[in-house]
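# Observations on the model geometry
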Amino acid sequence: MAFRNSDWAAGFQQEFKSFATDAIHVGQEPEQWSSMAIVPPISLSTTFKQYGPGKHAGFEYSRSGNPTRNCLEKAVAALDGAKYCVALASGLAATVTITHMLKSGDGIVCMSDVYGGTNRYFRRVAAEIGYDASFADFTNLEVLKAALKPNTKMLWIETPTNPTMKVVDIQACSDVAHEYSKNIIVVVDNTFMSAYFQRPLALGADICMYSATKYMNGHTDVVMGLISVSREDLYERLKFLQNALGGVPSPFDCYLCNRGLKTLHLRMKQHFKNALVAAKFLEADPRVEKVIFPGLPSHPQHELMKKQCTGCPGMITFYIKGKLEHATTFLSNLKLFALAESLGGYESLAEHPAIMTHASVPENERMELGISDTLIRLSVGLEDEEDIIADLAQALSAAHAEN
């Protein structure tokens with residue numbers, strides 16, 4: 001039986017069946033431990049005793065496999081509607097591991113508006129070691145089709161995009177790529193959405209990846225990456241690269257992220273509620289030029305968002321009226337929101353993309369993407385909504401004191 005969405009999520013897709021139950025129970029079975037522990041223990045051992053040479057109980061060296069990491073990977077796979085998951089030491093470690101599936105000369109076509117670290121990696125690392133990295137606006141399918149080349153082997157989608165919150169049609173882009181060549185691997189960076197609001201694999205993608213540092217862990221105390229797949233061939237290659245490249249997370253971080261998953265459904269609902277209230281407040285304020293939030297009808301891809309997602313995360317981008325000084329004054333006067341990079345934790349954060357998270361993107365490209373001096377990105381947390389609004393209001397007043 002499908003559960004109906006609340007009023008604040010009206011029009012979006014239905015919640016994924018048994019999501020909370022899977023988050024709490026899959027991979028956590030007490031029977032796998034001799035102690036019958038309800039909470040999976042943290043296995044810190046780097047090595048494991050063998051019955052005889054080459055005869056082990058499933059684990060030999062912690063980089064190759066770890067019991068605590070296994071619990072996390074099983075839970076994440078279930079939440080993504082996938083068969084397998086591979087955990088890495090960071091979101092960029094996941095990006096690097098995925099890219100290493102290709103060989104020198106292979107082409108990667110990436111969404112033009114992406115996380116600054118992804119842009120930097122493809123331009124300044126991957127391109128310099130032989131990968132043919134290019135960028136295109138996937139919100140226009142004709143532009144995407146024109147960007148595909150005979151050597152294209154990977155399509156890298158981020159939706160909503162960071163930081164301008166463009167929404168990409170995952171199914172349509174996957175269809176275009178796979179029709180061009182069945183050998184193109186479609187990757188979706190699902191960091192902004194989490195597994196609770198979007199399942200890329202069900203929309204035609206081959207790989208779903210995350211910086212789990214953000215919503216999936218949700219407590220601003222873990223740096224981690226996750227990759228989910230259902231294809232056996234992709235899993236075998238990624239599992240090999242996880243071990244061969246060695247970018248694995250610590251057992252303690254796996255424990256923390258696994259614990260964070262248990263409240264993911266609750267956290268994401270509240271992030272959406274708070275962000276919607278904040279976005280409506282900002283949109284109605286005369287000191288704000290423009291608000292970009294996919295949960296608002298004013299967003300150009302609002303209908304697409306409702307078509308492929310169960311809701312919206314707590315990410316809001318807006319342009320404050322004025323100049324750089326107005327943006328910096330606003331950010332410097334926030335009291336509840338912390339001026340900091342990253343996102344997706346229980347606390348509210350604010351940042352200036354042009355100076356902070358996307359400073360590595362060339363200035364001409366930033367301007368083309370709309371990452372201007374007056375653009376501000378908010379990660380709306382789980383605080384009481386009236387306190388969130390009060391903080392935004394007083395910071396706007398400080399930035400526009402002349403009014």
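Residues numbered from 1 in each chain as written. Predicted model: local features only at pLDDT ≥ 70, side-chain atom pairs only at ≥ 80, totals over all residues. Heavy atoms only, no water.

### Details of the overall build of the protein
What counts here: Where helices and strands are cited, they refer to DSSP runs of H or I of at least four residues and of E of at least two residues respectively, numbered from the N terminus. What the globule rule says is 2.2 Å times the number of residues to the power 0.38, and the radius of gyration is computed from C-alpha atoms. Note on exposure labels: buried denotes an accessible area under 20% of the residue type's maximum, exposed denotes more than 50%, and partly exposed covers the range between, all computed with a 1.4 Å probe on protein chains only. Should any heavy atoms of two residues lie within 4.5 Å, those residues are considered in contact. Here the Shrake-Rupley method, with its probe set to 1.4 Å, supplies the accessible areas, and only the displayed protein chains count as covering residues.
When helices and strands are tallied, the protein shows 14 helices and 12 strands. Taken against the 2.2 N^0.38 rule, which gives 22 Å for 403 residues, the C-alpha radius of gyration of the protein at 21 Å falls within 12% of a compact globule. Over its C-alpha atoms, taken along the principal directions, the protein stretches across nearly 80 × 50 × 40 Å. Residues counted as buried form 55% of the 403 residues belonging to the protein. Relative to all contacts within the protein whose residues are 6 or more apart in sequence, the contacts with residues 24 or more apart total 73%. Surface exposure of the protein reaches about 16600 Å², of which carbon and sulfur atoms provide 54%.

### Here we look at the confidence of the model for the protein
A low pLDDT means the predicted coordinates there should not be read in detail. Rule in force here: Confidence of the prediction at every residue is given by pLDDT, a number between 0 and 100.
Looking at the protein as a whole, the pLDDT averages 96, with 98% of positions reaching at least 70. Least confident of the elements in the protein is helix α13 (residues 363–369), whose mean pLDDT is 87; most confident is strand β7 (residues 225–229), at 99.

### A short note on the packing of helix α10 (residues 264–284) against helix α14 (residues 385–399)
Filter applied, for reference: Here the axes come from fitting lines to C-alpha atoms, over the contacting stretch only for helices, and the angles between their N-to-C directions go from 0 to 180 degrees. Roughly parallel refers to an angle under 35 degrees, roughly antiparallel to one over 145, roughly perpendicular to one between 65 and 115, and oblique to any angle outside these ranges. Crossing chirality is assigned from the near helix's rotation relative to the far helix, an anticlockwise turn below a right angle marking it left-handed and a clockwise turn marking it right-handed. In this classification, the charged set is Asp, Glu, Lys and Arg, the nonpolar set is Ala, Val, Leu, Ile, Met, Phe, Trp, Tyr, Cys and Pro, and all remaining amino acids, among them Gly, are polar.
One way to put it is that α10 packs onto α14 with a least axis distance of 10 Å and a crossing angle of 30°. Here α14 runs roughly parallel to α10, going by the angle between their axes. Helix-helix and strand crossings are classified by hand; for α10 and α14 the assignment is right-handed. Of α14, the residues touching α10 (which contributes N274, V277, A278, F281 and L282) are E385, I388, I389, L392, A393 and L396. The class makeup of the residues in the contact of α10 with α14 is 9 nonpolar, 1 polar and 1 charged.

### So, the sheet that holds strand β10 (residues 338–339)
For the record, the criterion: Strands are treated as partners if at least two bridges between them are detected by DSSP.
One open sheet accounts for 5 strands, arranged β8-β9-β12-β11-β10; its pairing is mixed. In the strand order of this sheet, the two ends are held by β8 (288–292) and β10, each with one partner. Relative to the sheet, helix α12 (residues 324–333) contacts β9 (315–320), β10, β11 (349–351) and β12 (375–379), its axis offset from that of β9 by approximately 135°.

### Considerations on helix α3 (residues 91–99)
When you tally the buried positions in α3, you get 7 out of 9 residues, the bulk of the element. Among the residues of α3, those classed as buried are G91, A93, A94, T95, T97, I98 and T99.

### Quick notes on the nonpolar core
If you look at soluble globular proteins, the nonpolar side chains tend to sit buried side by side. Basically, it comes down to this: Each nonpolar core is a collection of buried residues, namely Ala, Val, Leu, Ile, Met, Phe, Trp, Tyr and Cys, held together in the definition by side-chain atoms within 4.5 Å.
One finds L226, F293, I316, F330 and L378 to be the most contacted residues of the largest nonpolar core, which totals 74 residues. With 8 residues, α10 is the single largest residue contributor to this core. Among the nonpolar cores identified, the runner-up in size contains 45 residues, and L88, A136, F138 and V229 belong to it.

### Some remarks on a negative patch on the surface
Cut-off, in case you're wondering: Here the term patch refers to residues with relative accessible area over 30% and no salt bridge, with like charges joined within 9 Å and nonpolar side chains (Val, Leu, Ile, Met, Phe, Trp, Tyr) within 5 Å. The term salt bridge refers to a side-chain nitrogen of Lys or Arg lying within 4 Å of a carboxyl oxygen of Asp or Glu. Note on charges: Lys and Arg go in the positive column, Asp and Glu in the negative column, and His and the chain ends are not counted at all. We put the charge of a Lys on NZ, of an Arg on CZ, of an Asp on CG and of a Glu on CD.
A cluster of like negative charges, contributed by D384, E385, E386 and D387, occupies part of the molecular surface. Tracing the sequence through the fold places E386 in helix α14. Among the residues examined, E386 registers a relative accessible area of 53% and is labelled exposed.

### Side note on the pairing of β7
Strand residues, when the strand is regular, have side chains that alternate between the two faces of the sheet. For β7, the buried fraction is high: 5 of the 5 residues fall into the buried class. Two strands pair when backbone bridges link them, and strand β6 (residues 207–211) and β7 are joined in this way by 4 bridges, in the antiparallel orientation. Looking at β7, one finds that M209 is bridged to I227.

### Points about the packing of aromatic side chains
Rules: By convention, a stacked pair of Phe, Tyr or Trp rings (six-membered ring in the case of Trp) has centres within 6.5 Å and planes under 30 degrees apart, an edge-to-face pair has planes over 60 apart, and any other such pair is tilted. Over a ring means this: the NZ of a Lys or the CZ of an Arg is within 6 Å of the ring centre and within 35 degrees of the ring normal.
Applying the stated criterion across every chain, the model contains 10 aromatic pairs. Geometrically, the ring pair formed by F197 and F272 is edge-to-face, given 5.9 Å between the ring centres and 85° between the ring planes. Separated by 75 residues along the polypeptide, F197 in helix α7 (residues 194–197) and F272 in helix α10 bring together distant segments of the chain. For the residue pair F197 and F272, the accessibility class agrees, reading buried in each case. Cluster of aromatic residues (ring-pair linked, three or more members): F12, F19, Y196, F197 and F272. Over the ring of F16 we find R199; its NZ or CZ atom is 4.2 Å from the centre of that ring. Cation over ring: K214 sits above Y115, and NZ or CZ is 5.8 Å from the ring centre.

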